[in-house]
Amino acid sequence: MAAERDPPPPGDAGQARFGEAEDGEDLFVVLCSPASLPAEDISANSNGPKLVDSFLDDDPDDLFAEATEEVSLDSPEREPILSDGPSPAITPIMAPRIDSTLFDQALEEEEDNGDTFDICISVSDPEKVGDGMNAYMAYKVTTKTSLSVFSQNELSVRRRFSDFLGLHSKLASKYMHSGYIVPPAPEKSIVGMTKVKVGKEDSSSTEFVEKRRSALERYLMRTVKHPVMLKDPNVLQFLESSELPRAVSTQALSGAGILRMVNKAADAVNKMTIKMNESDAWFEEKQQQFENLDAQFRKLHASVESLVCHRKELSLNTASFAKSAAMLGNSEDHTALSRALSQLAEMEEKMEQLHMDQAYADFYLFAELLGDYVRLLTAVKGVFDQRMKTWSKWQDAQLMLQRKREAEAKLQYANKPDKLQQAKDEIKEWEGKVQQGERDFEQISKTIRKELGRFEKERVKDFKSVIIKYLESLVQTQQQLIKYWEAFLPEAKAIA
Amino acid sequence: MMQEGLDDGPDFLSEEDRGPRAVNVDLQTDGTLQVDISDALSERDKVKFTVHTKSTLPSFKQNEFSVVRQHEEFIWLHDSFVENEEYAGYIIPPAPPRPDFDASREKLQKLGEGEGSMTKEEFTKMKQELEAEYLAIFKKTVAMHEVFLCRVAAHPVLRKDLNFHVFLEYNQDLSVRGKNKKEKLEDFFKNVVKSADGVLVAGVKDVDDFFEHEKTFLLEYHNRVKDASAKSDRMIRSHKSAADDINRIASTLYTLGTQDSTDVCKFFLKVSELFEKTRKIEARVAADEDLKLADLLKYYLRESQAAKDLLYRRGRALVDYENANKALDKARAKNKDVLQAETTQQICCQKFEKISESAKQELIDFKTRRVAAFRKNLVELAELELKHAKGNLQLLQSCLGVLKGDT
C-alpha cells in the first residue's frame, strides 16, 4: 500500500518519521514531500518484546520499556514445553492461525492496489494535564485519510503516552508470535518525564517533549503502514474513539511489569538452550545479515549522536566567542577595525544559530532514524526468535508423540485394554499437535519471509529519503555560510 | 624534518612557507637584514631551529649564514632585551611560547595502545590525523619563533643589539641553559613584586593625555583579547570534534555500504565518500580559524602584555623622577647633599624623557601593526572560509545530484 502524501500543510509532518524539529522552521517543512513513497512496503516493523535483548538494553531507564505487552497466564511467552493448549494464544490470536488465508489475502491486496494507501497521521499540541507527579502530557493525534475503514476523513483525538504503549502492547501480544514485525513504541524515560511533571520550563524539557512528540508520530505512521496493523480494531479504536481505557499495566513498576521481567528472564534462559537445526539457508543468512546490520547501525547511531552533541557545543562556544569579539571590538580604538570586529561578532552570532539548526537536522533526520532502526532490528531479531520457539514447540510435540507411541507399544504387551485406549487417544492428540506444529512453523516462516521483504523495502526507502533530506540540510547550511562570509569580507577589507 | 608544503597534509601555512612568516605582524623587511627559519627538526623532547640570515651589514662576517638554535636560546635573547635598561623605552617583541607537543604525543601514544581495538582502516586514518595535528603544531611553533626574530630584525634599534648578532652568527652552542628551579623561583617573585608595583604605578595619574589614554586602553584591551583568545580556542576545538565525528560516520557508512545487499548500499558508499571529503574540508576550516583567528589573538595577547610592560617601565621611571624631585627639594631645603640629589634628579629626568619619547612612537607603531595584522588575517580568514564553504557546497550538490538521479 503506497503512502500517498497530501501536499504538506504547514506543521504537518507527513513523513511522520522525521517530524518537525522546530515549529515554522523552513528547513523541516520540506520533510513532508508529496513526491514520495512508491510502493507497498510497510515496514515489517519489529515488535517490542525483544524477548532476550531487552535485558541487554543499554538504557537503564528503559529496563521496562519494552515490557509493554500484556502477559497473562495464557501468554505465548511462557515455555513452549509447558504449554499444553492447542494454540498458545490468548483468544483473539486464534484469528491469524485459523484465518491465515484472510491475512494472506490482505497481504496480496497490498501488492495489487499500489495506490490505495492514503493516510497521514500527525501528533501535535502537547499539553500538560494535571499537576505534580500525577501530571502527564496529552498529545493531539490527527488522522487524515480517505480509507473507507475509518468513519471520517479527518479525525482528531487526544492521547497520552501510556495510551501509545497500551496500543503497542496489544498489537505485540496479538501478532508478534505469528512472525509479524510489530513497530516498537517509543521508549519510556523516567528522568525526562519527571522533569516535565515537576514543571521545569527549560529548554531541555521542551526538547524532550518535542523529541517524544516526533517519535510518537513516527511510531503511528509505521504502525499504520503495516497492512495487518492498519486493519486491527485496536488501531482503529486508538485513532478514532474519544475515550480510551487507561492502559495501567504499562506502568514501569506495576505487578504486570514485574511479571514481564520474570518472563523475560525465563525466555533468555530458554533461548540459550534451544539449538535449532536450520534447514533453510535463507534464514541463516538473513539472521547473520541482521546481526551485522544491527552492529553497524548502533555504531553509526552513536557517532551521529556524538556529532549532534559536538555541534551543539560548537553553537554555544560560537555564541560565547561572538560576545567576546564584540567586547574586543568595543575596546579597540581604531574605528575601522572596531567596526570590523563588531561585524565579526554579529556574524558569529548568526553562525551560532546556523550550527544549532544543523545540529537539529543531524538529530531529527539522522540520529532519530537510526535510533528507530536500532529498535526495529531488535524486534526483527525477536521475530527470528519466535520462529525458533515455534520450531522448538513442533520438535517437542514430535518427541512427545514418540513417547506416547512407545508407551502404547509397552501397553500392548502388558495387555491393559482401558489404558491402551487412552494411549491411542493420546497418540491421536499428539499427532494432531505435531501436524499443527509443523503448520505453525511453516506459516511463521512464510510470514517472516514476507515481513522481511517488506522491512527491507521500507528500510531502503527510509534511508534513501532521509539521506537525501540530510544532505539537503547540509547544502542549506553551506549556502548560508557563504552568504555570511561574503557579507563580512568587504567589511574586513574596509579596515584602513 | 619539516618539509615546506608537505605533500599530502593540508597546506596550513601555504602562503607563509617562503620567506619571513609575517603571520601576525606586518613587517617591513629590507635587504640589510633578513632573518628566517629555514628548517627545523623535532627530536624527542626538543626542537632544533635552523636560523638563516641574509645581510649586507658590515658587522657580519658573511652575507649569508645559518646556525642551529633551540627554544632556550630564544628565551635568553628575549630576556637579555628585557633586562637591558637601554631598551626600557621599547616594546620588547614577546618571546615565542615553548614548543608543546605533549598533548599530541600523548594522543599518538594512546592510539598505539588502542591499536588492537579498531580496524586497520580506522587505525591508519586516526594515525594520519594525529600526525597531521603534530605537524600543524610543529609548523606553528616554527612560525612563532620566526616572527620573534623578524620583529627584532625589523626594529631600528634592537636589530643592532650585540646579543642578537651573536645569536644569529655564533655557530657554536650558546651554552644557555634553561633556568633552574632557583632561578625560576626568583623570576616568580620578581613577577609578583612587579605586578604589585605595577598596580601602584598604574594608580599614578599621568599628566600626559596620550599615555593616560594608552594605559586605560591597553588594560582593557589586553583583558578582552585574553577572553577572546580563550573563547576562540574552545570554538575551534568543538569544530575539530565535529569533524572527527564525521570521520567516524564516514567509516561506518562505508562498512554498511560494503555489507549491504540492497539498493541502498550505493547510497551508503557514495555518502561515505562524500563525508570523507567534507570532513577534510571541515578540519581545514578549523585549522584556518586556528591560524588566522586564534593565533592572531594569542599573539596580540602577548604583544599587548609587552606594551603594558613598556608603560609600566615608563610609569616606574616617572615615579622615580618624581621621587628624585622630592628628594632634591628636601635636599635644597636642608642644604645637604644637594649636588648628589641634583645628579640623581637629572638622571631620572633623562631616563624618563628618553623612555617617554620612544614609548610614544612604539605605541603608535604597535597600533599600526595591530590594525594591519588584523586586517590581513581577517581578510584571509574570510577568503579561506568562503573557499572551503564553496568547496563543501559543490561536493554536497554533486553527490545529491547523483543520489537523486538514482531514486
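Here the structure is a predicted model, which is why all the values come from computation and not from measurement.

This part takes up the sheet that holds strand 2 (residues 136-145) of chain A. Residue and element names in this part refer to chain A. Read from one edge to the other, the open sheet built from three strands follows the order 1-2-3, with strand pairing classed as antiparallel. Each of the sheet's edge strands pairs with one partner strand only, and the pair in question is strand 1 (119-129) and strand 3 (154-160). Direction aside, the axes of adjacent strands within the sheet are offset by 20° on average. The pairing of strand 1 with strand 2 spans nine bridges and is antiparallel. Across the sheet, residue Glu-127 finds its bridge partner in strand 2, namely Ala-138.

Bringing the pattern of salt bridges into the picture now. Side chains carrying opposite charge are able to pair once their charged atoms draw close together. Per the counting criterion, the structure on display carries 56 salt bridges over all chains. Across the pair Arg105(B) and Asp102(B) runs a salt bridge whose closest N-O atoms are separated by 3.9 Å. With Arg105(B) and Asp102(B) both in helix 2 (residues 102-113) and three residues apart, this pair spans about one turn of that helix. A network of salt bridges, in which partner residues are shared, links Glu187(A), Arg218(A), Arg222(A), Glu368(A), Asp372(A), Arg375(A) and Asp462(A).

Let's shift gears to the nonpolar core. If you look at the biggest cluster of nonpolar residues, it comprises 131 residues, and the most contacted ones within it are Phe297(A), Leu471(A), Trp485(A), Phe275(B), Phe374(B) and Leu378(B). Looking at this core, the elements with two or more residues in it are helix 10 (281-331), helix 11 (335-414) and helix 12 (417-493) of chain A together with helix 6 (209-259), helix 7 (264-334) and helix 8 (338-406) of chain B. A per-element tally of this core places helix 11 of chain A first, with 32 residues. Not counting residues within four places of it along the chain, the set of residues in contact with Leu378(B) comprises Leu341(A), Leu344(A), Phe488(A), Ala492(A), Ile495(A) and Leu293(B). Tyr180(A), Val196(A), Val224(A) and Val228(A) belong to the second largest nonpolar core, which has 36 residues in total.

This part takes up the interface of chain B and chain A. With 64 residues of chain B in contact, the opposing surface of chain A contributes 55 residues. A buried area of about 5,400 Å², summed over both sides, lies between chain B and chain A, and 71% of it is on carbon and sulfur atoms. For the pair chain B and chain A, the interface holds 17 residue pairs in polar contact (both at pLDDT 80 or more). Mapped by element, the contributors of at least two residues to the side of chain B that touches chain A are helix 6, helix 7 and helix 8 of chain B. Looking at the side of chain B that touches chain A element by element, the count peaks at 26 residues for helix 6 of chain B. When grouped by side-chain class, the residues that make up the side of chain B that touches chain A number 31 nonpolar, 13 polar and 20 charged.

Scanning the model with the defined rule gives eight cavities of 30 Å³ or more in all. Of the voids in this model, the largest cavity is the one considered here, and its volume is about 350 Å³. Forming the walls of the largest cavity are 28 residues, and the residues nearest its centre are Arg311(A), Gln478(A), Leu481(A), Glu282(B) and Asn392(B). Broken down by secondary-structure element, the contributors of at least two residues to the lining of the largest cavity are helix 10, helix 11 and helix 12 of chain A together with helix 6, helix 7 and helix 8 of chain B. A per-class count over the lining of the largest cavity returns 14 nonpolar, nine polar and five charged. One number sums up the size of the second largest cavity: a volume of about 90 Å³. As for the second largest cavity, its lining consists of Pro183(A), Pro184(A), Ala185(A), Pro186(A), Ala215(A), Arg218(A), Tyr219(A), Arg222(A), Asp372(A), Arg375(A) and Leu376(A). Counting only elements with at least two residues in the lining of the second largest cavity, the list comes to helix 6 (203-225) and helix 11 of chain A.

Conventions we followed
Residues numbered from 1 in each chain as written. Chains lettered and ligands numbered in written order. Predicted model: local features only at pLDDT ≥ 70, side-chain atom pairs only at ≥ 80, totals over all residues. Heavy atoms only, no water. Pairing = 2+ DSSP bridges. Helix = DSSP H or I, 4+ residues; strand = E, 2+ residues; numbered from the N terminus. Axes fitted to C-alpha atoms, helices over the stretch in contact; angles between N-to-C directions. Salt bridge = Lys/Arg side-chain N within 4 Å of Asp/Glu carboxyl O. Core = buried A, V, L, I, M, F, W, Y, C linked by side-chain atoms within 4.5 Å. Buried < 20%, exposed > 50% of the residue type's maximum accessible area, 1.4 Å probe, protein only. Contact = heavy atoms within 4.5 Å. Buried area = accessible area lost by both parts, 1.4 Å probe. Polar contact = N/O pair within 3.5 Å; in protein donor to acceptor, adjacent residues only side chain to side chain. Nonpolar A, V, L, I, M, F, W, Y, C, P; charged D, E, K, R; others polar. 1 Å grid on protein atoms, 1.4 Å probe; cavity = no way out; pocket = protein on both sides within 12 Å on 5 of 7 lines; lining within 4 Å. Points joined across faces, edges and corners; volume = space filled by probe spheres on them.

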